[in-house]
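These are the residues of each chain, in order.
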Amino acid sequence: MKICKIELGYIDIPLVTPFKTALRTVSSVNDLIVKVTAEDGTVGYGEAPPTAVITGDTKESIEAAIRGYIAPAILGMELEPLDAVMEKMERAIAKNTSAKAAVDIALYDLYAKIKRQPLFRLLGQRHPEEIRTELETDLTISVNETEEMVRDSVLATEQDFRILKVKVGKGGEKDVERIREIRKAVGEEVTIRVDANQGWSREEAVRTIRAMEDAGLNIELVEQPVSYHDFKGMQYVTANVQTPILADESVFSYEDALRIIEEHAADYINIKLMKTGGIHQAMRICDVADQSGIKCMIGCMLESKVSVSAGAHLGAARGCITMADLDGPSLCKIDPYAGGPTYTGPKILLPENSGIGITEMPVIFATV
Ligand code: MG
C-alpha cells in the first residue's frame, strides 16, 4: 500500500483561559494539520503546534520542512514496513521534531486504520497485558498571582480533576507561597505536581524544593527545575532533594533519555511527541525506560485533540507510562472534531475503532 498524497491545513481553537508558563502566554491553539492518503483512499491525520519557545519550530518552519524535505522523501513509499518510512523521514531533515511528529502521527493513524486496529492495540502488541483503555490526566494551573492560582485550582477540583500540574518558576520564595496556598485550598487528597519550566537556578531549585518539603506540602514531583541544557544542574537537584525530579525540556530524543537515565539526572521522563518527532522515537524511549525501570509521563504541548489523542494511545499502550498530562483538549473552548478518544474531566477513554479514531476534520487542506 503506497503513500500517495500529503496535504496540509490549519485549525484555530480558542482556549477557555490564557495559558501562562514561565516561558510564554498563549490564548488559542493554532496548529498545523497533516492528512496522508494511501492508494486505497484511506486517510490518516496528524497535528503539530508551533511551540517555538520549546521546540524551535514555527508555523513557517514546520510547513517548509514537510513541503521541502519530508513529503518528497516519503511520497510513493510503501507504508510497510512502517519503520523504513520513519527512518527515511528521520534522515530527510535534522531536528524539526514538530514537523516529523505531525507526519509520524498521520502515518500511524493511517497504518492502524489499514490494519483495522485501534492505535493503542497496535502500539501495545508486544505487551498486551500492559494495555489500558482509560487514562487519568492532570490539569495545568497557569502561573499567575497566588489568589488567581488558588481560584483556578479549586475550580479544577470542582470539575473532578484529582491531579493538578501547577506552573511555577517565577521567583523561588513566591513559588513556595503559591503551592502552600493551593495545598491549603484543595486539601490533602489532591495530587500536586509542580512544573518550573526551567525557571530556577540549581541552588534556587534545591532551596525551593526543600522549603516545600519542610512545609509538608506533599509534592508528587517537580518538573524541569533548571535550564534544559544544564544536565549537571538537573543531576545536582535530583541528588539533593527528596522529591522526584521529572525531566521535560531536557529530553527530546532517545539519546537524551539514555543520558538522563545513565547520569541519573532525573527520576522520571516526560515524553511529548512534539519533542521526540512522533510515536516511532517515543516508543524507543519507552523501550529504554522499560529496561531501566524508569517511569514516564506522557505529556503534550498546547495541542488539540488529534496529536494529544496520539499521545493518549501511546500512554494506553505502554506500561512505563504511569502519568498523563494530556489536558490540551480540556483547555480548548470547543472540540471541532468528531470521533477519537473522549475527554470528560480528567478521564480519557480510548475508543475501539481503528486508528486514532478521529472521523471528521473541519479543515481545508491544500496538497503539498
Ligand atoms: Mg513541562
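Secondary structure assignment for the protein yields 14 helices and 17 strands. For a compact globule of 368 residues, the expected C-alpha radius of gyration is about 21 Å, and the protein comes in at 20 Å, within 12% of that figure. Its C-alpha atoms put the protein at 60 × 40 × 40 Å along the principal axes. Expressed as a percentage of its 368 residues, the buried residues of the protein come to 59%. Taking all contacts inside the protein whose residues are at least 6 apart in sequence as the whole, residues at least 24 apart take part in 73%. Of the roughly 14,300 Å² of accessible surface on the protein, a fraction of 48% belongs to carbon and sulfur atoms. Treating the 41 positive side-chain charges of the protein as one cloud and the 56 negative ones as another, the clouds have centres 2 Å apart.

A sheet is described by the order of its strands in space; here 4 strands give the open sequence β3-β2-β1-β17, paired in antiparallel fashion. One side of each edge strand has no neighbouring strand; the edge strands of this open sheet are β3 (43-48) and β17 (366-367). Strand direction decides the pairing type here: strand β1 (residues 3-20) and strand β2 (residues 25-38), joined by 13 bridges, are antiparallel. Bridge assignment links tyrosine 10 to a residue of β2, and that residue is leucine 32. Contacting β1, β2, β3 and β17, helix α2 (residues 59-74) runs over the sheet at an angle of about 155° to β1.

Attention now goes to the packing of aromatic side chains. Here the structure, examined in full by the defined rule, presents 1 aromatic pair. Each ring, one from tyrosine 45 and one from phenylalanine 365, has its centre 6.3 Å from the other, and the planes form 20°; the classification is stacked. Within this pair, whereas tyrosine 45 is found in strand β3, its partner phenylalanine 365 is found in the loop between β16 (358-360) and β17, the two being separated by 320 residues in sequence. Each of the two residues, tyrosine 45 as well as phenylalanine 365, counts as buried. Against the face of tyrosine 10 rests lysine 59, its NZ or CZ located 4.9 Å from the ring centre. Just above the ring of phenylalanine 231 sits the side chain of arginine 259; from NZ or CZ to the centre is 3.8 Å.

You can read the domains of the protein as domain 1 (3-117 + 361-367) and domain 2 (122-360). For domain 1 versus domain 2, the separation of C-alpha centres amounts to 22 Å. Listed as interface residues are 44 residues of domain 1 and, on the opposing side, 47 residues of domain 2. Buried area between domain 1 and domain 2, both sides added, is near 3,700 Å², and the carbon and sulfur share of it is 68%. At the boundary of domain 1 with domain 2, the tally comes to 13 residue pairs in polar contact (both at pLDDT 80 or more). Of all the secondary structure elements, the ones that give two or more residues to the side of domain 1 that touches domain 2 are β1, β2, β3, α1 (52-55), α3 (82-92) and α4 (97-114). Ranked by residues supplied to the side of domain 1 that touches domain 2, first place goes to α4 with 11 residues. The residue makeup of the side of domain 1 that touches domain 2, split by class, is 24 nonpolar, 7 polar and 13 charged.

Coordination of the magnesium ion by the protein comes from Asp195 (OD), Glu223 (OE) and Asp248 (OD), over a distance range of 2.1 to 2.3 Å. Counting residues between consecutive donors of the magnesium ion along the chain gives the motif D-x27-E-x24-D. One end of the pair, aspartate 195, is in strand β7 (residues 191-195); the other, aspartate 248, is in the loop between β9 (245-247) and α10 (254-262), and 53 residues separate them in sequence. The class for aspartate 248 is buried, based on a relative accessible area of 1%.

As summarised here, the arrangement of the 8 strands in space is β5-β6-β7-β8-β9-β10-β11-β12, forming an open sheet in which the pairing is parallel. One side of each edge strand has no neighbouring strand; the edge strands of this open sheet are β5 (139-141) and β12 (321-325). Going from strand to strand, the sheet's axes swing by 30° on average, the running direction of each strand aside. Relative to strand β8 (residues 219-223), β7 is paired through 4 bridges, and the arrangement is parallel.

Moving on to the packing of α2 against α3. Axis separation between α2 and α3 bottoms out at 9 Å; the angle between their running directions is 150°. For the element pair α2 / α3, the angle class is roughly antiparallel. Pair α2 / α3 crosses with right-handed handedness. Of the residues in α3, those in contact with Tyr69, Ile70, Ala73 and Ile74 of α2 are Val85, Lys88, Met89 and Ala92. Here the residues of the contact of α2 with α3 are counted per class, giving 7 nonpolar, no polar and 1 charged.

Here is what the cut-offs are and how they apply
Residues numbered from 1 in each chain as written. Predicted model: local features only at pLDDT ≥ 70, side-chain atom pairs only at ≥ 80, totals over all residues. Heavy atoms only, no water. Helix = DSSP H or I, 4+ residues; strand = E, 2+ residues; numbered from the N terminus. Rg over C-alpha atoms; globule rule 2.2 N^0.38 Å. Buried < 20%, exposed > 50% of the residue type's maximum accessible area, 1.4 Å probe, protein only. Contact = heavy atoms within 4.5 Å. Areas by Shrake-Rupley, 256 points an atom, 1.4 Å probe, with all protein chains shown as cover. Lys, Arg positive; Asp, Glu negative; His and termini not counted. Charge placed at Lys NZ, Arg CZ, Asp CG, Glu CD. Pairing = 2+ DSSP bridges. Axes fitted to C-alpha atoms, helices over the stretch in contact; angles between N-to-C directions. Phe/Tyr/Trp six-rings, centres within 6.5 Å; stacked < 30°, edge-to-face > 60°. Lys NZ or Arg CZ within 6 Å of the ring centre and 35° of its normal. Domains from an automatic or database assignment. Buried area = accessible area lost by both parts, 1.4 Å probe. Polar contact = N/O pair within 3.5 Å; in protein donor to acceptor, adjacent residues only side chain to side chain. Nonpolar A, V, L, I, M, F, W, Y, C, P; charged D, E, K, R; others polar. Donors = N, O, S within 2.8 Å, 3.2 Å for Na, K, Ca; no water. Parallel < 35°, antiparallel > 145°, perpendicular 65-115°, else oblique. Left-handed = near helix turned anticlockwise from the far one by under 90°.

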